[in-house]
Amino acid sequence: MNRVGILLRVNGQSYEAFVEPRKLLSDVLREDLGLTGTHVGCEHGVCGACTVLVNGHPMRSCLMFAVQLEGAEITTIEAIAADGKYSALQQAFHEEHGLQCGFCTPGIILTFEAYLKQNPSPTEEQIRDVLSGNLCRCTGYQNIVKAIMKAAGTGAQSDGEVKK
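Below or above, wherever it landed, is the structure these notes cover. Everything quoted here is computed from the prediction, not taken from an experiment.

### Regarding the pattern of salt bridges
Taken as a whole and assessed by the stated rule, the structure comprises 6 salt bridges. A salt bridge links glutamate 73 to arginine 9; the shortest N-O distance between them is 3.4 Å. Pair noted here: glutamate 73 is in strand S5 (residues 73-75) and arginine 9 is in strand S1 (residues 4-10), with a separation of 64 residues, a long-range link. Between glutamate 96 and lysine 150 there is a salt bridge whose closest N-O contact spans 3.2 Å. Note that glutamate 96 is positioned in the loop between helix H2 (88-95) and helix H3 (105-118) and lysine 150 in helix H5 (residues 141-152), a separation of 54 residues in sequence.

### Examining the state of the cysteines
Tallying each qualifying case throughout the model produces 0 disulfides. In this model cysteine 50 remains outside any disulfide bridge; the closest cysteine sulfur is found in cysteine 62, 3.5 Å from its own. Cysteine 50 sits in the buried class, given a relative accessible area of 2%. Here cysteine 136 is not cross-linked by a disulfide; its sulfur's nearest cysteine counterpart is in cysteine 104, at 3.9 Å.

### What to know about the sheet that holds S5
Spatially, S2-S1-S5-S3-S4 is the arrangement adopted by the 5 strands of the open sheet, whose pairing is mixed. Sheet topology places strand S2 (13-19) and strand S4 (57-60) at the edges, where each strand pairs with a single neighbour. For this sheet, the mean angle separating the axes of adjacent strands, direction not counted, is 40°. Its contacts with the sheet place helix H1 (residues 25-32) against S1, S2, strand S3 (51-54) and S5, and it is angled at close to 85° to S1. Contacts from H3 reach S3, S4 and S5 within the one sheet, and its direction differs from that of S3 by about 35°.

### Digging into the packing of aromatic side chains
The full count for this structure, using the stated rule, is 1 aromatic pair. For the pair phenylalanine 112 and tyrosine 115, a centre-to-centre distance of 5.8 Å together with 75° between the ring planes defines the contact as edge-to-face. Highlighted residues: phenylalanine 112 and tyrosine 115, both in helix H3, separated by 3 residues, approximately one helical turn. Both residues of the pair, phenylalanine 112 and tyrosine 115, belong to the buried class.

Rules used throughout
Residues numbered from 1 in each chain as written. Predicted model: local features only at pLDDT ≥ 70, side-chain atom pairs only at ≥ 80, totals over all residues. Heavy atoms only, no water. Salt bridge = Lys/Arg side-chain N within 4 Å of Asp/Glu carboxyl O. Helix = DSSP H or I, 4+ residues; strand = E, 2+ residues; numbered from the N terminus. Disulfide = S-S within 2.5 Å. Buried < 20%, exposed > 50% of the residue type's maximum accessible area, 1.4 Å probe, protein only. Pairing = 2+ DSSP bridges. Axes fitted to C-alpha atoms, helices over the stretch in contact; angles between N-to-C directions. Contact = heavy atoms within 4.5 Å. Phe/Tyr/Trp six-rings, centres within 6.5 Å; stacked < 30°, edge-to-face > 60°.

So, in C-alpha cells, the structure goes:
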C-alpha cells in the first residue's frame, strides 16, 4: 500500500512520518514515534487504554487514522509530567495506590487531566461516571477514584479517607 507523508504535532513537537493511510494513530505513536506510553487494549475503543488528548479532548487513538490528525495538537502521557515532576493527578495516583498494574493508567490520567480542567470540583458520582469509559482489569477502581478526588482537592485526606 502506498504511504503518505503526514506532519503530526505531538507533545508540542512536530513529527513527519510516512504511513499507510489506514494506519491507526495509536500504532503511529507507538511504532513510528516511539511513544509507547499510549497502550492498546481492546482495539475497539471500549477500554480507554489508548486515550490521548486531541486539541485538549480525550480521544481513542485506536479508532483514528493518523492521517486524520494532521494539524491537530496531540498530547500523550509522556507530556503530562513536566520538568521531571508528576502532575497533581499523577502524584495523587502514586500516593493513593491508584496505579495497579499500570496498563490502564495512561488512558485514565489523560481522561481526567482534561476532565478536571473543565470540572475542577467533581463529585465522586461524576468521577465514577466519567471513569466508566476506562476499564481497569485489576478492578482497583476505589483507589483510582480516591486519587482523582485528591487531585481535585475534593477527596482523600492524609489518612486516605475520601470526603463525602
